[in-house]
Structure formats: C-alpha cells, structure tokens
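# Coordinates in review
In case you want the letters, here they are:
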Amino acid sequence: MKEVFLPAKAIVAHGEFIWIYQEQYNYLMHYDVTNKKLQIDIDISKEIGAGTYNKLLVVNGIIYMIPDLADCIISYKIQSGEINKINLPDCMSYTGTKMFCNAILINNKIYCVSCSNKFMVVFDGQTGKLDKLVDVAEMLQCHTIAGCFESVITHGNSIIGIIPNTNKIFVIDTASFTADIVEIGFAENVYTTIASDGTNVFLYEYASGVIYKYSYVDKRVLQKIQPKYKLKYRVCSFGDKILLDPINGGNLIVVDSEGELICELNTIYNISYRMDALCVGAVDESGKFYYNSLDNYLYLFDGKSMSKVDILKMDVSKEVQLNNRLFCSYLLRENRSVSLESFIHSV
C-alpha cells in the first residue's frame, strides 16, 4: 500500500459529505467533513467500465455523473448505493472524443451540453429519463458550439455563457428555449470565464486581466474590477461572492460583488492548467463553500475567511495505482473506449 494524492475533478455537497470524482483512479468518493475522512464509494472502472467524468450534480439524493470521455451518464443513489447507467440518445453516440463540456441544474432538470456536436441533452433529474433534445447551434445561430459552455452560470431559469473568442455572451431561456446574444464592452475584448452574484454577471477579460461587472437587466457595464495581483485567473461564483483562481499558481482570492477583497489564501501548486477547465467547487446546505485546486487540498470559505480543510489522499495498492494510471493515460492518448479488465489483459 502507498499513500497517494487524490485531487478532485468534480465535487458536489450533499448532507454532511463532500462528494468527489477523482479522474486518475476513476473513483467516486465522499469526504466526511466532521471526521476528516475520505472514503471510496465506487471504483468506476470495475463497476461501470471505461470512461472519465467532469461534473457531479445531486437531485433528490441521487448523484449524476456527467461524462467527459464515456458513453453514459451514471446515477448513484446515495442511501441505497444503487448504481445505474443512463444511455444517451443515438445522435450522441460516443466516438472517443469529449462528450459533454458542462452540465447545469435548473428546477431538477439537468442540461448537458455537448463538446463535439450541436445538441443540448435535457434529463429529468427525478426520473433519470430523457426530457428533450435541443439544437443549440441553431438557437445560437452558429456552426459549432465548441467552447460555448465551458464556463456558464444560471440566472433564474436562464443559462448564460460566453461565445468563445468574442465579446459576446448568450442567454438561453430554458422555459421557452429561445436565445439572446449580447455584446459587452469593446469588440476586441475576449472573455474566458463567467460568474454571477445572483444579480449581476462578472466576465473575466483575458488580455487585460480586468473583470467586467455587467447588469443583464440594465444591459450595461456597471464596473471594471482590477484584481489585486496581475495574474491570469479563472472566476467562479458562490452566493454573492466571487472566487479568483490563478491558472499558474498564486493566491486564491475571494471578493464581494463590488470587487472588494474579502480574503486570500496562498496555494503551493505551480502547475498551469487550461483556462477553460471547470472550477471545482461546491456550496453545502449551511452556505459554506468548498473548493479543490491543483495542490490536492480541499479549501473552505466560511463567509469571512478561507482555510485548508484537509489534503485529499489515501492508501492505495500498487497494483491499483499502476493499472489505473496506465489505463487513464491510454484512454486519453488513444481516444478509445475499452474496459479496464481488457486493458489489463492486453498489457
């Protein structure tokens, strides 16, 4: 046995636990905040087969795992431990490329947005059944939606996101499935991530490093916020707070809706990652915000300050380490769908 680090690719809070998807070893785990204990619930490679996932959502005690490189959605009933595969529509058949770049939960409906074709798949979170299939490319009047949903927020019944390499955002009304496209700022502005305080929209402009605070109601920029440090950030939101996560290492920063600094916390990682990688954070029932960055720590923001809760690590056998590490590398390199057992026998 060897102690290994288990950074999260996706997390969600439910009850007393923080539920975690770990990509390298392909585990669904939960972290007991009270007892500071990490436990594996599903070894996905063994229970389900090949695939990786990039988003966790909870509806009525059921965790939904949204596929990144996989051919199905996984549902896991927390109370009973029942695991089910939810097959995707025929037009969304897995071809070895990224399936969904994001998923959004509104009124118990799960909106899954494809990375590689033009459709949004809507599932009923209470039944796990397909609700509808929406041609988002036609709605947004563009040939491809690649990158459009990497960073999105919800605003009431609407989904708001960035049209890549432009100064435009789109707003999709999920009640009528109509879309509005809005230009913000100057034509040369390129926004990379988006956040919200529940009232206004915050857009991070990559070249200048400025955050544009925009009122969707008034249709105007209310404020330009210059972060304390001249670094490149991703932004995400929880309640009325905005988190700035530096993409090449530095301090995690929390600001209020006016851009005023609430707190900051130094991190130890120095590995850069894609600007459009999903932020890995979750708000629990008491309003506390948990966040995992690339240094393997689980962080907590309690409304006033941010602290390190624990480092995500566990004793794992050498055989499991080797098999899963080689398997994930093979899967990502070859863009193929194979079972872990088949892969182990082949090597």
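All figures in this text were calculated on a predicted structure; none of them were measured in a lab.

On to the overall build of the protein chain, then. When helices and strands are counted, the protein chain shows four helices and 30 strands. Counting all 347 residues of the protein chain, 54% fall into the buried class. Partitioning the intrachain contacts of the protein chain with sequence separation of at least 6 by distance along the chain shows that 44% fall at a separation of at least 24. Carbon and sulfur atoms make up 47% of the accessible area of the protein chain, which totals about 15500 Å².

Before going further, it helps to spend a moment on the side chain of Asn200. Inspection of the secondary structure puts Asn200 in the loop between strand S18 (191-196) and strand S19 (201-205). Setting aside chain neighbours within four positions, we find Asn200 in contact with Ala195, Lys213, Tyr214, Ser215 and Leu222.

Overall, antiparallel pairing links the four strands, which are arranged S22-S23-S24-S25 in an open sheet. Pairing within the sheet leaves two strands with one partner each, and these edge strands are strand S22 (233-238) and strand S25 (261-266). Neighbour to neighbour, the strand axes of the sheet diverge by 20 degrees on average, direction disregarded. Relative to S25, strand S24 (residues 251-255) runs antiparallel, the two being bridged by five bridges.

In this section: the pairing of strand S17 (residues 178-183). Of the strand pairs in this sheet, strand S16 (residues 168-173) and S17 are connected by six bridges, and their pairing is antiparallel. Within the sheet, the bridge partner assigned to Asp173 lies in S17 and is Thr178. The antiparallel hairpin formed by S16 and S17 contains four residues in its connecting segment, where Phe177 sits at a positive phi of about 50 degrees.

Let us look at the nonpolar core. Judged by nonpolar contacts, the single largest core of 19 residues is most densely connected at Ile104, Tyr111, Met120, Phe149, Ile159, Ile172 and Phe177. Broken down by secondary-structure element, the contributors of at least two residues to this core are strand S10 (100-106), strand S11 (109-114), strand S12 (119-124), helix H2 (136-140) and S16. In contact with Ile172, not counting residues within four places along its chain, are Met120, Val136, Met139, Leu140, Phe149, Asn157, Ser158, Ile159, Thr178 and Ala179.

So, on to the packing of aromatic side chains. Each aromatic ring pair is characterised by the separation of its centres together with the angle its planes make. Enumeration according to the criterion identifies 10 aromatic pairs in this entry. Measuring from ring centre to ring centre gives 3.8 Å for Phe238 and Phe289, while their planes differ by 5 degrees; the resulting arrangement is stacked. Taken as a pair, Phe238 in strand S22 and Phe289 in strand S27 (residues 289-292) lie far apart in primary sequence, 51 residues in all. The same class applies to Phe238 as to Phe289, namely buried. Note on Phe238 and Phe301: the rings are 5.4 Å apart at their centroids and 70 degrees apart in plane angle, and the pair reads as edge-to-face. Here Phe238 is found in strand S22, whereas its partner Phe301 is found in strand S28 (residues 297-301), with 63 residues between them in sequence.

We now examine the sheet that holds S10. As summarised here, the arrangement of the four strands in space is S10-S11-S12-S13, forming an open sheet in which the pairing is antiparallel. In this open sheet, the two strands that pair with only one neighbour each are S10 and strand S13 (130-135). Geometrically, the sheet is characterised by an average inter-axis angle of 20 degrees between neighbouring strands, direction not taken into account. Pairing between S11 and S12: five bridges, direction antiparallel. Note that in S12 the partner of Val113 across the bridge is Met120.

Attention now goes to the confidence of the model for the protein chain. Close inspection of predicted coordinates is inappropriate in any region flagged by low pLDDT. Scored by pLDDT, the protein chain has a mean of 78; 80% of the residues are at 70 or more. Low pLDDT, under 50, characterises residues 270-276; the stretch is placed with 20 contacts to residues that sit more than four places away or in other chains. Across residues 318-347 the pLDDT falls below 50, and counting only partners more than four positions away or on other chains, this stretch makes 47 contacts in the model.

Rules and cut-offs
What you see as residue numbers is a count from 1 along each chain, following the sequence as written. Restriction of local features to residues with pLDDT of at least 70 applies here, the model being predicted, together with a cutoff of 80 or more for giving and counting side-chain atom pairs; totals for whole chains, interfaces and linings are based on all residues. In computing side-chain values, all of the structure's heavy atoms are included and hydrogens and water are not. In this description a helix means any DSSP run of H or I spanning at least four residues, a strand means any run of E spanning at least two, and both kinds are numbered starting from the N terminus. Partly exposed residues are those whose accessible area sits between 20% and 50% of the maximum for their type, while under 20% is buried and over 50% is exposed, using a 1.4 Å probe and protein chains only. In what follows, residue pairs with any heavy atoms lying within 4.5 Å of each other are defined as contacts. In these tables, accessible area is a Shrake-Rupley quantity obtained with a 1.4 Å probe, and a residue counts as shielded only by the protein chains included in the view. Strand pairing is assigned whenever DSSP identifies at least 2 bridges connecting the two strands. Structural elements are reduced to axes, namely lines fitted to C-alpha atoms, with helices fitted over the stretch in contact, and the angle between N-to-C directions of any two is expressed from 0 to 180 degrees. We define the nonpolar core as a collection of buried residues of types Ala, Val, Leu, Ile, Met, Phe, Trp, Tyr and Cys that are connected through side-chain atoms lying within 4.5 Å of one another. Each Phe, Tyr or Trp ring, with Trp reduced to its six-membered ring, pairs with another whose centre is within 6.5 Å; inter-plane angles below 30 degrees give stacked pairs, above 60 give edge-to-face pairs, and intermediate values give tilted ones. Every residue carries a pLDDT, the predictor's confidence in it, which falls somewhere between 0 and 100.

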